[in-house]
Amino acid sequence: MSTKNPLNWMLSEALDQLHRADRMRQQFGRQDACWEPPIDVLETERELLILVALPGVGPNNVETAIHDGVLVISGHRTLPPELRNARIHRLELPQGRFERRIALPVGRYAISRFVMDGCVALRLAKSA
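Residues numbered from 1 in each chain as written. Predicted model: local features only at pLDDT ≥ 70, side-chain atom pairs only at ≥ 80, totals over all residues. Heavy atoms only, no water.

Peer 1: Describe the nonpolar core, listing the residues and the values that go with them.
Peer 2: If you look at the biggest cluster of nonpolar residues, it comprises 17 residues, and the most contacted ones within it are I50, L54, L71, I73, L122 and L124. Residue assignment for this core shows that the elements contributing at least two residues are β2 (47–52), β4 (70–77), β5 (96–103) and β7 (119–127). If sequence neighbours within four positions are ignored, L122 has contacts with L48, L49, I50, V52, T64, L71, I73, S112 and R113. (Core = buried A, V, L, I, M, F, W, Y, C linked by side-chain atoms within 4.5 Å. Buried < 20%, exposed > 50% of the residue type's maximum accessible area, 1.4 Å probe, protein only. Helix = DSSP H or I, 4+ residues; strand = E, 2+ residues; numbered from the N terminus. Contact = heavy atoms within 4.5 Å.)

And the structure:
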């Protein structure tokens, strides 16, 4: 008989099944976002600065586009490969596909991405 704790085994199996189901949904289903990251939006005369709380997600892994005056921020947050087999005691940070939509003031913008204080920051420079 195994010495595994039954509760840990059940939780591990449940998380594994959720992971498999998410992979199948991504492969065969629609790519709807699972969650929306929190943001701060600040504006100066020259730019909009948007701070997106995405711990563990680099700026190059965040997609941005402007469609009909709406900024769309999207991507995917997953556990690093070296932690996928770790025993999970608590998992509070959202995982999976995310998307956030923000209506912008009328204008033209040049977008750049960088990391700032643990957030992915988007600088939308205003242009004439």
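That covers the picture; the talk isn't over yet.
Peer 1: Pulling in residues and values, what's your account of the pattern of salt bridges?
Peer 2: Per the counting criterion, the structure on display carries 5 salt bridges. A salt bridge links R90 to E92; its shortest N-O distance comes to 3.4 Å. When its relative accessible area of 64% is taken as the criterion, R90 is described as exposed. Close ionic contact of R101 with E99 constitutes a salt bridge, the shortest N to O distance being 3.0 Å. Given a relative accessible area of 54%, R101 falls into the exposed group. Look at E99 and you get buried, because its relative accessible area is 18%. Within the structure, one salt-bridge network assembled from shared partners comprises R97, E99 and R101. (Salt bridge = Lys/Arg side-chain N within 4 Å of Asp/Glu carboxyl O.)

In short, the description is geometric, and any link to function would need to be established separately.
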